[in-house]
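The residues making up each chain are set out below.
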Amino acid sequence: EPMGPHTLLLPAGALRAGENVLLLKVSGWAGIAKGKVGYPLIPTGSGTQGWGHKDAAIYDDIWLDFYDRVYMRHALAMPDLAKGEVTFRIWLDGAEPLPEQIELSAEVRPCESKGLAGEGKTRARAARPFTDLPVPLKDAKPWTPRERNLYEARLSARVGGSRCDEVRFRFGMRQVGTSKGRYRLNGSPLWLRGSNLVFEWQWGGRQGEFNRRVKEYLVDEARAMNLNSFRTHTLPPPAKWLNVCDEHGTMILAELPVLYNYANFRFTAEELEIFHKNALVDAAGWVRKLWNHPSVVIWVLSNESRYDNEWESDEFYKHVRGLDPTRPCLRSGGPGGTPDTFDVHTCGNYGGPAEGGPIQQFAALTAEKDPNRPLSNTEYMNLFARSENYSLRWLGREDDPAERLNFAEFAAEHTEAMRRLRFDGVFPYMYAGWTRLRGNNWRADYPTPMAAALHSCMTPVLASLDLFDRNFLAGKEVATRTVLINELHEHAPAALDVYVTAKNPLFVPDADALEAAVSHQSLELHLKADSFAEKTIRWKMPEVEGVYYLAAVLRREGDKPVISQRTVRAIDPKVTAGGLNKRNVVIIGATAAAEGWLKGHEIPFAAWDGKGKLAGEVAVVWDAGRVSDAARANAAAIRRFVSAGGRLVILNQRGWEWKELADFELRQEVSSRAFPHVRARHAMLAGVNPEFLKRFNGLPGTVADRVITGEALKDATKLLWIVRPEYTVAAALPAGQGEIVICTLNLKSRIHKAQPNYDPAAERILLNLIAR
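Residue positions are counted from 1 within each chain, in the order its sequence is given. Owing to the predicted nature of the model, reporting of local features is limited to residues with pLDDT of at least 70; listing and counting of side-chain atom pairs is limited to 80 or more, with chain, interface and lining totals taken over all residues. As a convention, hydrogens and water are excluded, and side-chain values are obtained from all of the structure's heavy atoms.

### A few points about the overall build of the protein chain
Rules: The secondary structure listing takes helices from DSSP runs of H or I that are at least 4 residues long and strands from runs of E that are at least 2 residues long, numbered from the N terminus. Exposure categories follow from relative accessible area, calculated using a 1.4 Å probe and restricted to protein chains: below 20% of the type maximum is buried, above 50% is exposed, and the middle band is partly exposed. In this analysis, two residues are considered to be in contact whenever any of their non-hydrogen atoms come within 4.5 Å of each other. In these tables, accessible area is a Shrake-Rupley quantity obtained with a 1.4 Å probe, and a residue counts as shielded only by the protein chains included in the view. Only four residue types enter the tally: Lys and Arg on the positive side, Asp and Glu on the negative side, with His and both chain ends excluded. Here the site of a charge means atom NZ of a Lys, CZ of an Arg, CG of an Asp or CD of a Glu.
A tally of regular secondary structure across the protein chain gives 15 helices and 36 strands. Overall size of the protein chain, expressed as C-alpha extent along the three principal axes, is 110 × 65 × 45 Å. For the protein chain, buried positions account for 56% of its 772 residues. Once local pairs closer than 6 in sequence are excluded, the contacts in the protein chain between residues at least 24 apart make up 72%. Looking at the protein chain as shown, the accessible area adds up to about 32,400 Å², and 49% of this sits on carbon and sulfur atoms. Mean positive and mean negative side-chain charge positions of the protein chain (98 and 93 charges, respectively) differ by 2 Å.

### Let's talk about the packing of helix α2 (residues 214-224) against helix α3 (residues 239-248)
How we decide: Between N-to-C directions, angles cover 0 to 180 degrees, with each direction set by a line fitted to C-alpha atoms, over the stretch in contact for helices. Any angle that falls under 35 degrees is termed roughly parallel, while one over 145 is termed roughly antiparallel, one within 65 to 115 roughly perpendicular, and all others oblique. Rotating anticlockwise by less than a right angle from the far helix to the near helix defines a left-handed crossing, while the corresponding clockwise rotation defines a right-handed one. Three categories are distinguished: nonpolar for Ala, Val, Leu, Ile, Met, Phe, Trp, Tyr, Cys and Pro, charged for Asp, Glu, Lys and Arg, and polar for the others, with Gly belonging to the last.
Taken N-terminus to C-terminus, the directions of α2 and α3 make an angle of 40 degrees; their axes are 9 Å apart at the nearest point. By the criterion of interaxial angle, the relationship of α2 to α3 is oblique. The crossing of α2 and α3 is right-handed. On the side of α2, the interface is formed by Val 214, Lys 215, Tyr 217, Leu 218, Val 219 and Arg 223, while α3 contributes Lys 240, Trp 241, Val 244, Cys 245 and His 248. In terms of residue class, the contact of α2 with α3 is built from seven nonpolar, one polar and three charged.

### Remarks on unusual backbone geometry
Note that the residue after Val 508, namely Pro 509, is joined by a cis bond; omega there is 5 degrees. Mapped onto the elements, Pro 509 comes out in the loop between β22 (492-501) and α10 (511-515). Following Leu 699, the chain continues into Pro 700 via a peptide bond in cis, with omega recorded as 5 degrees. With respect to the element layout, Pro 700 can be found in the loop between β32 (675-676) and β33 (704-709).

### Section: α2
For α2, the complete set of buried residues consists of Val 214, Tyr 217, Leu 218, Val 219, Glu 221 and Ala 222. Buried residues belonging to α2 abut β11 (192-197), α1 (209-212), β12 (229-232) and α3. Just past α2, the residue Asn 226 takes up positive phi, approximately 60 degrees.

### Let's talk about the sheet that holds strand β24 (residues 531-540)
Inclusion rule: Here, a strand pair is defined by DSSP locating no fewer than two bridges between the strands.
On the basis of which strands lie adjacent, the open sheet formed by three strands has the order β19-β21-β24 and antiparallel pairing. Every other strand in the sheet has two partners, leaving β19 (461-465) and β24 as the edge strands with one partner each. The mean angle between the axes of side-by-side strands here comes to 25 degrees, regardless of whether they run parallel or antiparallel. Where strand β21 (residues 477-486) meets β24, ten bridges bridge the pair, whose relative direction is antiparallel. When the sheet's bridge partners are listed, Asn 486 is paired in β24 with Ser 531. Here helix α8 (residues 403-420) sits on the sheet in contact with β19, β21 and β24, set at roughly 105 degrees to β19.

### Some details on the packing of α8 against helix α9 (residues 449-457)
For the pair α8 and α9, interaxial distance at closest approach is 8 Å and the crossing angle is 20 degrees. With respect to α9, the axis of α8 lies roughly parallel. Note on packing geometry: the crossing formed by α8 with α9 is right-handed. Of α9, the residues touching α8 (which contributes Arg 404, Leu 405, Phe 407, Ala 408, Ala 411, Ala 412, Thr 415, Glu 416 and Arg 419) are Pro 449, Met 450, Ala 453 and Cys 457. Its residues assigned to classes, the contact of α8 with α9 comprises nine nonpolar, one polar and three charged.

### Here we look at a nonpolar patch on the surface
Note the following rule: Patches here: salt-bridge-free residues with over 30% relative accessible area, like charges joined within 9 Å, nonpolar side chains (Val, Leu, Ile, Met, Phe, Trp, Tyr) joined within 5 Å. Think of a salt bridge as a Lys or Arg side-chain nitrogen and an Asp or Glu carboxyl oxygen that are within 4 Å of each other.
A cluster of nonpolar residues, Leu 8, Leu 10, Leu 15, Leu 22, Leu 24, Val 26, Ile 58, Ile 62, Leu 64 and Phe 66, forms a patch on the protein surface that exposes about 970 Å² of accessible area. Residue placement: Leu 22 occurs in the segment before β1 (71-80).

### Comments concerning the pairing of strand β34 (residues 717-721)
When β32 meets β34, the two strands line up antiparallel, connected through two bridges. Of the residues in β34, the one forming a bridge with Phe 675 is Trp 721. For β34 and strand β35 (residues 728-735), the ladder comprises four bridges, and the chain directions are antiparallel. Counterpart to Leu 720 in the pairing with β35 is Ala 730.

### Looking at the layout of surface pockets
Short version of the rule: Space inside and on the surface of the protein is sampled on a 1 Å grid over the protein atoms alone, with a cavity defined as a set of points where a 1.4 Å probe fits but cannot get out and a pocket as an open set with protein on both sides within 12 Å along at least 5 of 7 lines; lining residues have an atom within 4 Å of a point. Grid points are joined across faces, edges and corners, and a volume is the space filled by probe spheres set on the points.
Size it by volume and the second largest pocket reaches roughly 930 Å³. Lining the second largest pocket are 30 residues; nearest its centre among them are Pro 145, Arg 146, Asn 228, Pro 460 and Leu 488. When residues of the lining of the second largest pocket are traced back to their parent elements, those giving at least two are β10 (188-189) and α2. For the lining of the second largest pocket, the residue count by class is twelve nonpolar, nine polar and nine charged.

### Overview of the state of the cysteines
Cut-off, in case you're wondering: When two cysteine sulfur atoms are found within 2.5 Å, that pair is recorded as a disulfide.
Overall, the coordinates contain zero disulfides when judged by the stated rule. Cysteine Cys 245 shares no disulfide, and the gap to the nearest cysteine sulfur, in Cys 111, comes to 16 Å. With no disulfide of its own, Cys 457 lies 17 Å from the sulfur of Cys 347, the closest cysteine sulfur. Exposure remark for Cys 457: the relative accessible area of 1% places this residue in the buried category.

### Looking at helix α6 (residues 357-367)
Heads up, the rule is: Summarising the geometry, the arc corresponds to the directions from the helix axis toward the C-beta atoms.
Listed in full, the buried residues belonging to α6 are Pro 358, Ile 359, Phe 362 and Leu 365. Viewed along the axis of α6, the buried residues span an arc of 120 degrees, placing them on a single side of the element. Residues of α6 that are buried sit in contact with β16 (342-346), β17 (375-380) and α8.

### Focus: the sheet that holds strand β20 (residues 471-473)
Think of a sheet as strands paired side by side through backbone hydrogen bonds, with each pair either parallel or antiparallel. Taken together, five strands build an open sheet; the order of strands is β20-β26-β25-β22-β23 and the sheet is mixed. A single partner strand is all that each edge strand has here, and the edge strands are β20 and β23 (517-527). If you compare each strand with its neighbour and ignore which way they point, the axes differ by 25 degrees on average. Bridge count for β22 against strand β25 (residues 546-555) is seven bridges, and the pairing is antiparallel. Its bridge partner being in β25, Leu 496 is matched across the sheet by Leu 554.

### Digging into the pairing of strand β27 (residues 585-588)
Going residue by residue along β27, you find Val 585 and Ile 587 tucked away on one face and Val 586 and Ile 588 tucked away on the opposite face as well. Alignment of β27 against strand β28 (residues 605-607), held across three bridges, turns out to be parallel. Bridge pairing in β28 links Val 586 to Ala 606.

What follows is the structure, encoded as structure tokens:
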């Protein structure tokens with residue numbers, strides 16, 4: 001019971017004179033054979049998912065081929081550019097035994113001129129599974145995304161000079177494969193920069209526009225985003241769409257409908273054998289139907305399967321490669337990959353806990369990269385259920401109109417990180433949502449912020465800023481590693497302008513933002529073909545405190561400008577120092593680093609001995625793990641200090657067992673952004689622009705990794721939260737004439753100027769707590 005394309009032979013005499021009726025039984029979801037657990041025993045693509053198609057339908061043509069004795073059942077064009085020839089691999093069949101001697105011939109013509117480019121003949125024997133027919137070509141022109149040279153092949157089978165069958169199809173002289181761990185197209189490096197299609201050709205209603213405007217969708221809009229390829233998530237595309245890709249140079253990773261989304265189908269051994277057999281039949285139908293389209297550069301065997309690794313990477317892989325030796329095979333997000341490739345999915349990079357976590361993950365993947373296999377990420381930037389509250393997590397309120405800009409910013413930063421690490425394939429999810437064909441109309445030149453961001457971060461020639469930190473001392477000179485990428489096979493002269501501006505350049509870049517720049521420098525670049533180089537750019541933070549944008553704008557003749565941009569924030573130390581009282585501090589659980597920092601700021605302090613009365617105005621629990629049991633037993637002395645008007649500050653701790661001092665608990669919850677509670681007022685927040693709380697310096701940019709729970713919060717004034725308002729990370733508890741401030745922000749590791757992750761905003765908050 002194949003789901004995909006299938007060919008069968010009608011026995012001789014089945015068709016009779018007059019009208020004949022062809023009857024197909026097409027099962028819907030209820031009619032598909034399933035295992036005991038309920039999963040189908042044939043590949044159904046998205047059918048296993050709640051959002052998937054379960055309709056009974058026929059999505060492509062049904063046709064009858066007529067032949068005389070010998071049927072040319074399958075024909076594959078296998079180009080060899082080095083030899084300047086194409087070999088046609090031909091499978092013959094018939095309802096009756098084949099003749100012993102069969103003459104095969106081939107003519108090849110360029111599709112544009114129709115002049116004869118080459119011809120060849122050979123003899124086939126019925127006993128062979130297939131026959132190879134080589135055809136030398138005059139001045140063979142390769143197919144590439146930029147030069148879409150297409151040829152038409154006409155193959156004929158004859159017996160005793162009488163024609164039995166004939167087939168015509170288009171193909172391209174192109175060779176795609178892997179070498180030294182990289183993709184190669186016609187021997188040159190191939191970098192796949194694309195997105196995901198999710199069977200838009202089956203979308204109904206007004207979305208039928210996709211089928212009526214295929215070229216606009218797959219070529220025009222994609223080129224504006226600098227996308228050169230698509231992975232067809234869950235299902236191979238129809239030939240109509242591939243014809244457009246062949247003619248205009250959009251490359252396709254055609255995914256077979258073996259989709260798991262990491263589910264365990266829990267097949268019995270017998271059921272798994274049936275599923276395997278059906279998957280091989282289904283794959284053969286799809287591969288043979290589409291294999292002569294040069295735009296198909298990779299077969300994707302499965303999606304997010306982790307319970308059938310050995311079979312998929314061995315028998316399934318060998319089956320597809322045996323059918324079609326002209327393309328690599330990939331397992332999309334499948335552990336272990338295939339012998340050709342290794343692919344990952346980082347679907348949760350937008351909903352993840354810390355913005356820099358995926359960047360660390362990308363670096364780890366690159367460090368572990370198999371030197372013989374390309375590395376790709378064919379799915380990231382996924383948007384899951386709205387319960388994820390992306391806008392709340394990253395912007396501090398639900399349905400913030402800036403969420404689309406924020407999404408695009410994440411995509412640009414993470415995409416550039418992968419490109420700097422030389423990922424061979426990069427495919428954010430999913431393309432339809434960013435297109436004008438879906439009804440978006442953000443601005444005249446780009447339908448969505450994501451489209452603008454992709455235009456820049458996917459461009460083949462880019463100067464990418466390797467900058468994660470955001471908070472800098474005002475007036476500081478900063479040296480930023482910049483990676484110069486040229487993925488073209490030609491020299492690329494370019495002009496690079498570096499701006500610091502108070503206006504968001506909006507990824508394209510925006511002219512008003514560049515005109516508002518507070519500083520600007522120009523450089524001339526000469527990027528060699530297929531090159532990857534580094535350059536250090538020095539720039540200066542503005543003297544005036546605030547939020548700015550660092551923008552590296554690259555301009556090339558004949559192309560639109562592209563930009564690598566990062567948000568940067570100037571923190572003025574004079575503002576930090578304003579109003580500080582240098583009050584006497586008592587350190588509880590002191591460390592040498594804490595004492596050194598206090599001395600550096602000339603803040604008078606003493607370490608508590610755990611016995612007597614606290615002498616000071618502020619007490620700070622720096623590291624509760626360093627407090628002895630005897631000192632903990634004297635918690636009443638600290639409470640008396642607070643009741644008399646002192647402030648007790650409990651900084652971020654790994655855990656909290658000192659309930660005698662403050663009755664609260666810590667629960668793990670990670671975020672790289674914190675937000676003030678509505679109407680929160682406290683000395684801790686003095687001079688702290690809420691933007692300064694979005695990402696602390698140093699990967700992964702974690703602002704807090706613990707939230708406060710427990711009895712202490714009942715009477716507390718909640719100051720800061722992460723992820724959602726009920727996840728408190730800073731609170732002030734009244735206690736007599738004083739107060740207890742619990743703050744789980746990761747401040748202590750970011751206050752030393754000599755450390756690479758020093759953050760002046762974090763230091764300002766800590767100084768506010770101790771000295772204001």
